[in-house]
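This is what each chain is made of:
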Amino acid sequence: MPFPPYSYRDRNLYVEDVDLESIARSAGTPVYVYSATAIRERFRLYNDAFGDVPHEVFYAVKANSNLSVLRLLAAEGAGFDIVSGGELYRVLRAGGDPAKVVFSGVGKTRDEVEYALTSGIHSFNCESEAELALIDSIAARLGVTARIAMRVNPHVDAQTHPYISTGLRDHKFGIDIAAVEDVYARAAGFTHLVAEGVSCHIGSQLLDTAPLKDALDAVLALTGRLRAKGVPIRHLDLGGGLGVPYKPDQREPDIAAHIRAVCARCAGHDLKLMMEPGRSIVGPAGALLTRVLYRKPAESKEFVVVDAAMNDLIRPALYQAFHEIVPLRAHMPGTFTADVVGPVCETGDFFARDREMANVLPGDFLALCTAGAYGFVLASNYNSRPRPAEVLVEGASWKFIRTRETLEDLVRGE
Ligand code: LLP
């Protein structure tokens, strides 16, 4: 079954007031579709739950960086969490406020730091002492002061897929919470840095919020120790990480309840609270539409070959991720069990294995659900496949927010 905001009306799959098959037919497939209303509502769930508590919600651009998505979030007052100069460029092109941008990531380059400082971003989430020295030297040359937070690694197990878990001792991310107080002490020696924050992100796709609360407790305790040593911590950046349902039996964490619990735990600490959600804002809003090309029986199983592939949506191949697959017209009787695969020349090019699914035929359309986050942004041109189009739905209308790549696009720059 599809997840909201996708639902069947008289066995035709809709998002908002648009029949998805009409998009598939006129935009062609594969095509990513996003619901503007869902993105807006999910951002508001975060933003409104803070109430009067000083806060900023920095949407994690990496999850879906289409300019139209950024533009609609900027209009809602979102800030942006970036991890590259390219993402900063997108935010600025989309009309995002640079004063509401935080720059995360373990490998910021000299050029990226300079671009961020001259753009006047809010702050850097720093991951090493060498990075502090770099930011300080560039800030000094530009005659500005950079606000920074150290990203701490609290040794909390996010209990998610190992590739998207970031808060354990042997992960490349952050600075060990046991060592970070000394780093703050040394940071005070840099004349063009103000260490005013603590940041933390332990992983992605967390369906249980308990690890996030453990991390928050560790970071709050650290804040107290830092303040006692005279480091004037003003903000906490709690990262992203709330999960979304991909499988029918998965329950989404209650975003508003989680935020209220965070606010309650931080009450009386005089801290501005920041978060960097990505997936939980855009994930459920999106789907990837694809067309069935062939049904191919084999010795022990049957394959459904579709026109989307791992280059369009790599999550199943990379993280063994599950995406619900549903027909756009649910008229066919019965189900069967199949592997859903794409045309790419890799055995790893599958969307589902041994999946019981609708009894589709060549020409039918399918939706890969919950594909709004880490979908198009991870798409590539592997096998010289042009990347798909992207469409934004609002109410009863839809528009292209990125056209399908052409063969000419494939060879640009070669
Ligand atoms: N902040 C930082 C520092 C991050 O590294 C991330 C995600 C976020 C915020 C946003 O996390 P979210 O709210 O989206 O969970 N490609 C993978 C997910 C990679 C997540 C990377 N970092 C996937 O498709 O599952």
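Residues numbered from 1 in each chain as written. Predicted model: local features only at pLDDT ≥ 70, side-chain atom pairs only at ≥ 80, totals over all residues. Heavy atoms only, no water.

*Asks:* Just give me the short version of the site of the ligand, but keep the residues and values in it.
*Replies:* As a structural note, the neighbourhood of the ligand is formed by 18 residues, with Ser 204, Glu 276, Arg 315, Tyr 319 and Tyr 374 the closest of them. Arg 315 places a side-chain nitrogen or oxygen 2.6 Å from an oxygen atom of the ligand. Between the ligand and Tyr 319, the relevant distance is 2.7 Å, taken from a nitrogen atom to a side-chain nitrogen or oxygen of the residue. Here the ligand, which alone exposes 590 Å², has 91% of that area covered by the protein. (Near = heavy atom within 4 Å. Polar contact = N/O pair within 3.5 Å; in protein donor to acceptor, adjacent residues only side chain to side chain. Areas by Shrake-Rupley, 256 points an atom, 1.4 Å probe, with all protein chains shown as cover.)

*Asks:* I'd like to hear about the domain arrangement of the chain, residue by residue, with values.
*Replies:* Domain boundaries assigned for the chain yield domain 1 (6-35 + 283-411) and domain 2 (105-275). Using C-alpha coordinates to define each centre, domain 1 is positioned 35 Å away from domain 2. Listed by partner, the interface residues are 10 residues for domain 1 and nine residues for domain 2. Sorting the residues of domain 1 by area buried against domain 2 places Tyr 319, Phe 322 and Thr 370 first, and these three jointly supply 51% of that buried surface. Where domain 1 meets domain 2, there are zero salt bridges. Across the domain 1-domain 2 interface, the total number found is one residue pair in polar contact (both at pLDDT 80 or more). Looking at side-chain class alone, the side of domain 1 that touches domain 2 contains five nonpolar, three polar and two charged residues. (Domains from an automatic or database assignment. Contact = heavy atoms within 4.5 Å. Buried area = accessible area lost by both parts, 1.4 Å probe. Salt bridge = Lys/Arg side-chain N within 4 Å of Asp/Glu carboxyl O. Nonpolar A, V, L, I, M, F, W, Y, C, P; charged D, E, K, R; others polar.)

*Asks:* Give me the lowdown on the pairing of strand S1 (residues 6-9), citing residues and values where you can.
*Replies:* Where S1 meets strand S2 (residues 12-15), four bridges bridge the pair, whose relative direction is antiparallel. Within S2, the residue paired with Tyr 6 across the bridge is Val 15. In sequence, S1 turns back onto S2 through a hairpin of two residues, with Asp 10 there showing a positive phi of about 50 degrees. (Pairing = 2+ DSSP bridges. Helix = DSSP H or I, 4+ residues; strand = E, 2+ residues; numbered from the N terminus.)

*Asks:* Report on the packing of aromatic side chains, specifying residues and quantitative values.
*Replies:* All chains considered together, the criterion is met by five aromatic pairs. Look at Tyr 32 and Tyr 34: their rings are 6.2 Å apart centre to centre, the planes differ by 20 degrees, and that puts the pair in the stacked class. Tyr 34 gets classed as buried once you look at its relative accessible area, which sits at 1%. Cluster of aromatic residues (ring-pair linked, three or more members): Tyr 32, Tyr 34 and Phe 376. For Lys 108, the ring lying beneath its charged end belongs to Phe 103, and the centroid distance is 5.5 Å. Over the ring of Phe 336 we find Arg 295; its NZ or CZ atom is 3.8 Å from the centre of that ring. (Phe/Tyr/Trp six-rings, centres within 6.5 Å; stacked < 30°, edge-to-face > 60°. Buried < 20%, exposed > 50% of the residue type's maximum accessible area, 1.4 Å probe, protein only. Lys NZ or Arg CZ within 6 Å of the ring centre and 35° of its normal.)

*Asks:* Break down the pattern of salt bridges for me, citing the residues and quoting the values.
*Replies:* Applying the stated criterion across every chain, the model contains 26 salt bridges. Among the ionic pairs, Glu 129 bridges to Arg 186, the shortest N-O distance being 2.6 Å. Taken together, the residues Glu 129 in helix H6 (residues 129-142) and Arg 186 in helix H7 (residues 180-187) connect sequence positions 57 residues apart. Arg 186 gets classed as partly exposed once you look at its relative accessible area, which sits at 45%. The network of salt bridges with common partners includes Asp 19, Glu 21, Arg 25 and Arg 329.

*Asks:* I'd love a proper account of unusual backbone geometry, names of residues and values included.
*Replies:* At the junction of Pro 4 and Pro 5, the peptide bond is cis and its omega measures out at 10 degrees in the coordinates. Note that Pro 5 resides in the segment before S1. A cis amide bond links Thr 29 to the next residue, Pro 30, at an omega of -5 degrees. The residue Pro 30 is located in the loop between helix H1 (20-27) and strand S4 (31-35) in this model. Located in the positive-phi region is His 155, a residue other than glycine, with phi close to 60 degrees. A positive phi angle is found at Thr 370, which is not glycine, with a value near 55 degrees. Topologically, Thr 370 is positioned in the loop between strand S19 (365-368) and strand S20 (389-394). Judged by relative accessible area, Thr 370 falls into the buried class, the value being 4%.

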